[in-house]
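Listed below, chain by chain, are the residues.
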Amino acid sequence: MGRRPGHAQGDRRALLNRSDRRPATRLVELGRRREWTGVPGQPGGVVSPPVWRASTHLYDDCADLAGGRPNEDGHFYYGRRGGPTQWALADALTSLSPAAEGTELFPSGVAALACTMLALLRPGDEVLVTDNAYEPTRNIAMGMLARMDIAARPFDPLDPAGFAAMIGENTKLAMLESPGSLTMEVCDVPALAAEARKRGVVTVIDNTWASPLGFPALEHGCDIDLMSLTKHVGGHSDVMMGSVTAARPLIDRIRRQAQFMGQVVSPDDAALALRGLRTMGVRLERSTATALELARWLDERPEVAATLSPMLPGAPGHDLWQRDFTGGCGLFSIVLKHADVAARARLIDALDLFGIGFSWGGFESLAIPFDPAPVHTLRAWPPGIDTGSGLGIRFSTGLEDAGDLIEDLARGFAAMGDP
Ligand SMILES: *Cc1c(COP(=O)(O)O)cnc(C)c1O
């Protein structure tokens, strides 16, 4: 049998992480470089980069110590700069975005948000924050940064011209999120990013909902792709982590800030996230299909005033989602017609298969009450729809059978009773 050229030892590594492969294949290959899966001096290696625990890295001699090490992944220095397990995860995430040149890992998504804003803003600067932002994003900008004489204003994500008009001399950063993780509006990210870039404003997108698999944010003009890995990448509701992926020199500025602040993730957590990443594609496909089935069913229910899922034809944001996204996820919301808080609680409490909890993107389904109105300060949402009670529920669909989940929801509506 002839050896396939790709299997020659030297060629093998070059094969990995090639960005011309399709996403499903890349998820299998990402981050599995020989130097992180093998033992030096020995042929062969293991499949997954092992958990490589270390605080101290030993130097060969004083000359080695004095020689210095590049401040880059792949070069031992001290445990706070990570080791092979963290490097493999960061490398894998970088490879998910062809335009990226590096990834910094953080102990949570919020740590990634806070550190990124601190890295890129100085006293006197201004940051524009999308009005539908994840609440801690808004609180960091309007609260913590205000104490440093950094101004923050919300912008309407559905109005790119208005956004452009808000950009002033001191505006340095724009925080985007699409879809919003409660209200699910999709904004015209390429248009917003183009307006920002024209005026020298750096854009960060919280891409936790779609991940680069469903929305390649850097390819759509954003400068920084930020994710809570706690959600889809972890995928099993047992690890907290965040990531920031970008090209140079932005990723270097964020890395410096992260090092100033001593941000580090454990190799055990990095291995869990890397394991989650391998199956993220199939999990997302499955939870997307289930979410769409549930959304269609819910949209027909007389108790439901609005179904907020960009994946649902006819729902707000669907056109932009179809134009820009290559995938979805299991996270969507509904607004109830005539319910009060007690009725909504009867519905949610009667659900067997949906846990009640924050977070999302795990293998298990979740439901949580929320109210859409306070999320938006600049316009009524959803637009042009009678939002009935104004009381919402957000669902995160997991990997259960869709029929079982629908039966569970039917049980919930029965328990809620007639308005
Ligand atoms: C959960 C979440 C975060 C924060 O991530 P943590 O890992 O929980 O700190 C950021 N953005 C969005 C959209 C989220 O849902």
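Note on numbering: residues in each chain are counted from 1, in written sequence order. Owing to the predicted nature of the model, reporting of local features is limited to residues with pLDDT of at least 70; listing and counting of side-chain atom pairs is limited to 80 or more, with chain, interface and lining totals taken over all residues. Side-chain figures throughout are based on the complete set of non-hydrogen atoms in the structure, without hydrogens or water.

### So, the packing of helix H14 (residues 341-349) against helix H15 (residues 402-416)
- At a minimum axis distance of 7 Å, the contact between H14 and H15 shows a crossing angle of 145 degrees. Two packed elements cross with a definite hand, and for H14 against H15 that hand is right-handed. Contacts between H14 and H15 involve Ala 343, Arg 346 and Leu 347 on the former and, on the latter, Gly 412, Phe 413, Ala 415 and Met 416.
- Only Asp, Glu, Lys and Arg are considered charged, only Ala, Val, Leu, Ile, Met, Phe, Trp, Tyr, Cys and Pro nonpolar, and every remaining residue, Gly among them, polar. Taken together, the residues of the contact of H14 with H15 sort by class into five nonpolar, one polar and one charged. Axis lines are fitted through C-alpha atoms, for helices just across the contact stretch, and the angle between N-to-C directions can take any value from 0 to 180 degrees. Secondary structure counts use DSSP, requiring at least four H or I residues in a row for a helix and at least two E residues in a row for a strand, with both numbered from the N terminus. Two helices cross in a left-handed way if the nearer one is turned anticlockwise from the farther one by less than a right angle. They cross in a right-handed way if the turn is clockwise. Whether two residues are in contact is decided by their heavy atoms: any pair within 4.5 Å suffices.

### Details of the UniProt feature "modified residue: N6-(pyridoxal phosphate)lysine" (unreviewed entry) in the protein
- The feature "modified residue: N6-(pyridoxal phosphate)lysine" (unreviewed entry), as annotated in UniProt, sits at Lys 231 in this numbering.
- Assignment of secondary structure puts Lys 231 in the loop between strand S6 (224-228) and strand S7 (242-246).
- Partly exposed residues are those whose accessible area sits between 20% and 50% of the maximum for their type, while under 20% is buried and over 50% is exposed, using a 1.4 Å probe and protein chains only. A residue is classified by how much of its surface remains accessible, and Lys 231, at 9% relative accessible area, is buried.
- For Lys 231, the residues in contact, after removing those within four places along its chain, are Thr 208, Ser 359, Trp 360 and Gly 361. UniProt positions are given in the numbering used here, feature names are shortened, and annotations may be inferred rather than shown by experiment.

### Describing the site of the ligand
- By convention in this text, a residue qualifies as near a molecule or strand provided that one of its non-hydrogen atoms is within 4 Å of it. The environment of the ligand is made up of 14 residues, and the closest members are Gly 109, Asp 206, Ser 228, Thr 230 and Lys 231.
- Residues adjacent in sequence count toward polar contacts only when both atoms are side-chain atoms; beyond that, a polar contact is any pair of N or O atoms within 3.5 Å, and within protein one must be able to donate a hydrogen and the other to accept it. One of the backbone N or O atoms of Val 110 is found 2.9 Å from an oxygen atom in the ligand.
- Ser 228 has a polar side-chain atom sitting 2.9 Å from an oxygen atom of the ligand.
- All accessible areas in this document rest on Shrake-Rupley with a 1.4 Å probe, and a residue is counted as covered only by the protein chains that are shown. When the ligand sits alone it has 380 Å² of accessible area, and the protein chains cover 93% of it.
- Broken down by class, the residue content of the shell around the ligand amounts to five nonpolar, six polar and three charged.

### Some words on the pairing of strand S2 (residues 126-130)
- Here S2 lies mainly inside the structure; five of its five residues are buried.
- Any two strands with at least two DSSP bridges between them are considered paired. Where S2 meets strand S3 (residues 151-155), five bridges bridge the pair, whose relative direction is parallel. Among the inter-strand pairings, Thr 130 is bridged to a residue of S3, identified as Phe 155.
- By definition, the crossover connecting two strands over a helix is right-handed if that path, from the first strand to the second, turns clockwise as seen with the strands pointing away from the viewer. Each parallel crossover has a hand, and for S2 linked through helix H7 (residues 135-144) to S3 it is right-handed.

### Quick look at the sheet that holds strand S5 (residues 202-206)
- One open sheet holds the seven strands; their spatial order is S1-S7-S6-S5-S4-S2-S3, and the pairing between them is mixed. On the outer flanks of this sheet lie strand S1 (102-106) and S3, each paired with one strand and no other. Between one strand axis and the next, the sheet turns by 20 degrees as a mean value, whatever way the strands run.
- Examined bridge by bridge, S2 and strand S4 (residues 171-177) share four bridges and lie parallel to one another. Bridging across to S4, Val 129 finds its partner in Met 175.
- Those strands touched by H7 are S2, S3 and S4, and its axis lies near 155 degrees from that of S2.

### Describing the domain arrangement of the protein
- Domain borders in the structure are assigned automatically or taken from a domain database. Domain boundaries in the protein define domain 1 (9-275) and domain 2 (281-416).
- For domain 1 and domain 2, the distance between their C-alpha centres works out to 28 Å.
- Between domain 1 and domain 2, the contact holds 36 residues from the first and 34 residues from the second.
- When domain 1 packs against domain 2, close to 3100 Å² is buried across both sides, 62% of that on carbon and sulfur atoms.
- For this analysis, a salt bridge means a side-chain nitrogen from Lys or Arg found within 4 Å of a carboxyl oxygen belonging to Asp or Glu. Connecting domain 1 to domain 2 are one salt bridge. Buried area: the accessible surface (1.4 Å probe) lost by two parts on joining, summed over both.

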